[in-house]
Amino acid sequence: MGMTDNLLSTGQWLLTAVLFLLILGVAVRQVNWRAFRQDNAIQHSFFGAAVILGFIWQLRAGISPGLAIHVFGITVITLMLGWALAVLSGLLALVITVITGREPLVMFAANGLVTVIIPALVSHGIMLWERRRNFRNFFAYIFFCGFFGAGLSVAVAGLVMCLLLWTGGIYTLDELVNEYIRYLPLFMLPEGFINGTFVTGLMVFHPDRLVTLDQSRYR
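The following refers to the structure shown. (Residues numbered from 1 in each chain as written. Predicted model: local features only at pLDDT ≥ 70, side-chain atom pairs only at ≥ 80, totals over all residues. Heavy atoms only, no water.)

Turning our attention to helix α1 (residues 10–30). Side chains three or four residues apart in an α-helix point the same way, a direct result of the helix having 3.6 residues per turn. The end-to-end C-alpha distance of α1, which contains 21 residues, comes to 30 Å, matching closely the 30 Å that a straight helix rising 1.5 Å per residue would cover. Residues of α1 that are buried include every one of Q12, T16, A17, F20, L24 and A27, and no others. All buried residues of α1 lie within an arc of 130 degrees about the axis, which places them on one face of the element. Turned more than 90 degrees away from the buried face of α1 sit T10, L21, L22 and R29, all of them exposed. Buried residues along α1 sit against α5 (83–99), α6 (108–133) and α7 (138–167). (Helix = DSSP H or I, 4+ residues; strand = E, 2+ residues; numbered from the N terminus. Expected span 1.5 Å × (residues − 1). Buried < 20%, exposed > 50% of the residue type's maximum accessible area, 1.4 Å probe, protein only. Arc of directions from axis to C-beta. Contact = heavy atoms within 4.5 Å.)

As structure tokens, this is what we get:
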């Protein structure tokens, strides 16, 4: 989901821009750039994910004026790269959508928050919760981090976007509930299925690509 028109007030635009820059700064500082430069596999995953997401995000459906829905795919990238690199890779993909005219440059910060940063942080939080629970069955990682994490990330991102649109007076609460919020479960199911399927495939065939996976924990 994303905003294809400038729907935010000046105050909201400034707020989203400040939050975006703050979290982006934290992400940049979190990355071990020396290890990144020395690891070709991580580099390939990082840039490959950006290109793939940039292509996938071209495929979207319009709903209400100024709004569009599309698959995020951020959860699997977060599990592959960690949240900080996932944010940077997702923002590169967002640059592609701006270059191709799918989303306006003026909404880059807002769409970066909704489409990239919030899903990455939610997915990271679910991964940390699963790790703290210390599950010993690898299906817990697949289900909670892959399927459930992806679905929840879409729900949280969608609600944040609706909050921005409601507080900005763009849409009434009734309009958002009737035209968007009540359909959130329908967005969550394909997102969870797609991300969960990719996580399952990676865990079976290329577990080394999942940097958040602690293989020693699972029987």
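Further notes follow.
A few words now on the packing of helix α3 (residues 40–56) against helix α4 (residues 74–81). At a minimum axis separation of 11 Å, α3 and α4 run at an interaxial angle of 170 degrees. Taken together, α3 and α4 sit at an angle that is classed as roughly antiparallel. Of α4, the residues touching α3 (which contributes I42, S45, F46, A49 and L53) are I74, I77, M80 and L81. Considered class by class, the residues forming the contact of α3 with α4 number eight nonpolar, one polar and no charged. (Axes fitted to C-alpha atoms, helices over the stretch in contact; angles between N-to-C directions. Parallel < 35°, antiparallel > 145°, perpendicular 65-115°, else oblique. Nonpolar A, V, L, I, M, F, W, Y, C, P; charged D, E, K, R; others polar.)

Moving on, we get to the nonpolar core. With 58 residues, the main nonpolar core has F20, I77, L85, V87, L91, Y141 and L210 as its most contacted residues. Those elements that place two or more of their residues in this core are α1, α3, α4, α5, α6, α7 and α9 (184–205). Not counting chain neighbours up to four residues away, the residues in contact with I77 comprise A49, L53, G82, A86 and S89. (Core = buried A, V, L, I, M, F, W, Y, C linked by side-chain atoms within 4.5 Å.)

Let us look at unusual backbone geometry. Even without being a glycine, N134 presents a positive backbone phi close to 55 degrees. Structurally, N134 can be placed in the loop between α6 and α7.

With that out of the way, let us pick up the packing of α1 against α5. Running from N to C, α1 and α5 cross one another at 120 degrees; their axes reach a closest spacing of 8 Å. Compared by their axis directions, α1 and α5 come out oblique. Remark: the crossing between α1 and α5 carries left-handed chirality. On the side of α1, the interface is formed by F20, I23, L24, V26, A27, V28 and Q30, while α5 contributes W83, A84, V87, L88 and L91. For the contact of α1 with α5, the per-class residue count stands at 11 nonpolar, one polar and no charged. (Left-handed = near helix turned anticlockwise from the far one by under 90°.)

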